[in-house]
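# Descriptive structure summary
Residue-level listing of the chains:
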Amino acid sequence: MTIAVICLAVALVVIGLAWAAGRQHGRRGMAAGQPATTADDVLIMQARQLHAAEISSRLPALTALEQHAQATPWHRAAVVETLTGYLRCAPSGDETVRRAVQRTLSAHASPAHGDAYWGELDLDLDGAELTDLDLSGAVVRRISARRAQLRGDTRMTALRARDSVLLSGATLYGDMHCDDMIVEHRTDMALATFKGAFSADGCALHGGTVLSGATFCGPASFADTIFFDSVALSDPRSGPAAFRGKTSFARARFTAARLDHVGFPAGVDLEDTRFIRTPATPTTAVAVLHALGCQR
């Protein structure tokens, strides 16, 4: 069984759940004297076409799915799962369709787009190949791009995740822009590789933040970012984060941090870096900052 077939099967299961929701919606409409809406067959047909062997069938199917989700709110979760499922399984060389799917998700992920906003999406992009992903200004439930390959520049500026942002094991080949990002539950970038510049200035990161084992090949900045809960820059399983370029935590605020064996060979800016309160570990805030400063 091929990966594409598996992904299509998963999408059809989600569509089946949406079908049940659609039937319930139809019953409510009939009870209110309105005609029932039955568009499940359209949804299933277009999902199959998106995964069709003929590339010429995919862009029309994408357009039909977008229009269907816009007109049928209770099917939006199923359409989003179909689109993210395609990105997780898209064959190599299908760059045009992959970029179009990404643009469709971006166009419906931000409240700034008015009626085109589809609500707080759950974006499962684990293992996907993505290019120039732009989710700036998005308000979503969760983004998971674990082990994904992100080419070009990745933008999540001013993104808000009601749950989590998960990039563990991902490889980002261009620059990563996530300034002013708000994460309400967890940020996990363990073992991720950032080959370009990394900018996460002015973020508000609630819940745990995991950077252990991550590699920052270029300059990395967390200036003015508030870490409301624990930060792991090192752990026994993943090892320490590697900051190979100039790094800044200027004016950052920490609650607690684990920094065993973390070094900053190109230098680190700690201007006005402070702890909100004493860390939960026996290490004091002063000792943590001293350790950071000693390894510039």
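Heads up: the structure comes first, above all this text.
Here we summarise the structure given alongside this text. Keep in mind that what you see is a predicted model, and the values were worked out from it rather than measured.

## Digging into the packing of helix 3 (residues 58-71) against helix 4 (residues 76-89)
- Contact pair helix 3 / helix 4: the axes reach a minimum separation of 9 Å and the direction vectors enclose 155°. Compared by their axis directions, helix 3 and helix 4 come out roughly antiparallel. Where helix 3 crosses over helix 4, the handedness of that crossing is left-handed. Mapping the contact onto sequence places Arg58, Leu62, Leu65, His68, Ala69 and Gln70 in helix 3 and Arg76, Val79, Thr82, Leu83 and Tyr86 in helix 4.
- Looking at the contact of helix 3 with helix 4, its residues break down into six nonpolar, three polar and two charged.

## As for the nonpolar core
- Counting residues in each nonpolar core, the largest one holds 70 residues, and the members touching the most others are Phe198, Phe243 and Phe249.
- Every element with two or more residues in this core is listed here: helix 2 (40-50), helix 3, helix 4, helix 5 (95-107), strand 3 (139-144) and strand 6 (160-166).
- Looking at this core, the element that brings in the most residues is helix 4, giving six residues.
- Excluding residues that lie within four positions of it along the chain, Phe198 makes contacts with Met176, Cys178, Met189, Phe216, Pro219, Ala220, Ser221 and Phe222.

## A word on the sheet that holds strand 7 (residues 171-172)
- Taking strand neighbours across the sheet as the criterion, the six strands line up as 2-4-7-11-15-21 in an open arrangement whose pairing is parallel. Among the strands making up the open sheet, the edge pair consists of strand 2 (129-131) and strand 21 (242-243).
- Where strand 2 and strand 4 (residues 149-151) come together, three bridges link them in parallel fashion. Bridging from a neighbouring strand, Thr131 pairs with Arg151 of strand 4.

Cut-off values and rules
- Residues numbered from 1 in each chain as written.
- Predicted model: local features only at pLDDT ≥ 70, side-chain atom pairs only at ≥ 80, totals over all residues.
- Heavy atoms only, no water.
- Axes fitted to C-alpha atoms, helices over the stretch in contact; angles between N-to-C directions.
- Helix = DSSP H or I, 4+ residues; strand = E, 2+ residues; numbered from the N terminus.
- Parallel < 35°, antiparallel > 145°, perpendicular 65-115°, else oblique.
- Left-handed = near helix turned anticlockwise from the far one by under 90°.
- Contact = heavy atoms within 4.5 Å.
- Nonpolar A, V, L, I, M, F, W, Y, C, P; charged D, E, K, R; others polar.
- Core = buried A, V, L, I, M, F, W, Y, C linked by side-chain atoms within 4.5 Å.
- Buried < 20%, exposed > 50% of the residue type's maximum accessible area, 1.4 Å probe, protein only.
- Pairing = 2+ DSSP bridges.

On their own, these measurements won't tell you what the molecule is for.
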